[in-house]
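# Reading the structure
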Amino acid sequence: VTVKRSGIYCFKTVTCAEAKADVNSGTIVRYEHKNGRLTEPETLVEGIDYNCHQIDFFDGAFFVVDTNNQCILEFDAQWRRSKTHQILPTAPRNSARNAHINSFLGLGDSIYLMFHNGARPIPSEIVEFDRGFHERRRKTLSSHSCHDIVRLEDGRFLYCESLKGQLACDDGTKIKIDELY
């Protein structure tokens, strides 16, 4: 989910049975917040993978993290796909070659992606790219299967160590929030 002015933008997926029938059944929809209520959703994009993750606006474009295909989809202001940034080659979901990219943060002249790395024998990573998706640097985290990236005002990165049920910062700070596993 992301918000721009009165619009609330969501990635909409389907049931597992529907996804088996058509993996490209994901959509992007927009709700408008008017008079304290949400309008019926307007479909903006159709035909994207059902297992996409984060969406966000950045630098005049709209981005979708296509987790299954290990790429970032970029859309223009008319909701046409303008680019597909192939971050890594596609790989089977439980393969050690699948980074399970799940989070996007555009900030300044950088784009940060979370490499979950759940099926890989390495910890999660926050990978920084320039606007052309050329890798600048990697930050290895203290856990694997992480989600989300938030840049705090003091410059630290906040992320979720999902399997440990805690929030963490890249300086080693950790805060237990639940007992998910």
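Residues numbered from 1 in each chain as written. Predicted model: local features only at pLDDT ≥ 70, side-chain atom pairs only at ≥ 80, totals over all residues. Heavy atoms only, no water.

This next bit is on the nonpolar core. Ranked by internal contacts, the top residues of the largest apolar core, which has 16 residues, are Ile72, Ile87, Ile101, Phe104, Leu113, Phe115 and Phe133. Where this core is concerned, the elements lending two or more residues are strand E7 (61-66), strand E10 (101-107), strand E11 (110-115) and strand E12 (125-130). Leaving out residues up to four positions away in the same chain, Ile101 has contacts with Val65, Thr67, Gln70, Ile72, Ile87, Leu113, Met114 and Phe115. In this structure, Val45, Ile48, Ile55 and Phe75 belong to the second largest nonpolar core, which totals 14 residues. (Core = buried A, V, L, I, M, F, W, Y, C linked by side-chain atoms within 4.5 Å. Buried < 20%, exposed > 50% of the residue type's maximum accessible area, 1.4 Å probe, protein only. Helix = DSSP H or I, 4+ residues; strand = E, 2+ residues; numbered from the N terminus. Contact = heavy atoms within 4.5 Å.)

Strands sit in the order E6-E7-E8-E9 across an open sheet of 4 strands; the sheet is antiparallel. Edge positions in the sheet fall to strand E6 (55-58) and strand E9 (81-86), since each has one partner strand and no second. Within this sheet the neighbouring strands show an average axis-to-axis angle of 25°, counted without direction. When strand E8 (residues 71-75) meets E9, the two strands line up antiparallel, connected through 5 bridges. If you follow Phe75 over to E9, its bridge partner there is Arg81. (Pairing = 2+ DSSP bridges. Axes fitted to C-alpha atoms, helices over the stretch in contact; angles between N-to-C directions.)

Quick look at the environment of Gly7 now. Inspection of the secondary structure puts Gly7 in strand E2 (residues 7-12). With a relative accessible area of 2%, Gly7 lands in the buried category. Each C-alpha atom of the pair Gly7 and Val29 lies 9.7 Å from the other, and the pair is 22 residues apart in sequence. In contact with Gly7, other than residues within four places in its own chain, are Thr2, Arg30, Tyr31 and Glu32.

This part takes up the environment of Gln78. In this fold, Gln78 is placed in the loop between E8 and E9. In this structure the side chain of Gln78 is engaged in a polar contact, spanning 3.2 Å, whose partner is the side chain of Arg80. (Polar contact = N/O pair within 3.5 Å; in protein donor to acceptor, adjacent residues only side chain to side chain.)

On to the state of the cysteines, then. Such a bond, covalent and formed between the sulfur atoms of two cysteines, is termed a disulfide. Counted according to the given criterion, the structure contains 0 disulfides. Left unpaired, Cys52 is separated from the closest cysteine sulfur, that of Cys71, by 7.6 Å. Residue classification places Cys52 among the buried residues on the basis of a relative accessible area of 7%. Cys160 provides the cysteine sulfur closest to Cys146, a residue in no disulfide bond, and the two sulfurs are 7.5 Å apart. (Disulfide = S-S within 2.5 Å.)

Enumeration over the complete set of coordinates arrives at 13 salt bridges. A salt bridge links Arg80 to Asp76, with the nearest nitrogen and oxygen atoms 3.0 Å apart. Here Arg136 and Glu128 are joined by a salt bridge, their closest N and O atoms 3.4 Å apart. By sharing partners, the salt bridges in this structure join Asp109, Glu128, Arg136 and Arg137 into a single network. (Salt bridge = Lys/Arg side-chain N within 4 Å of Asp/Glu carboxyl O.)

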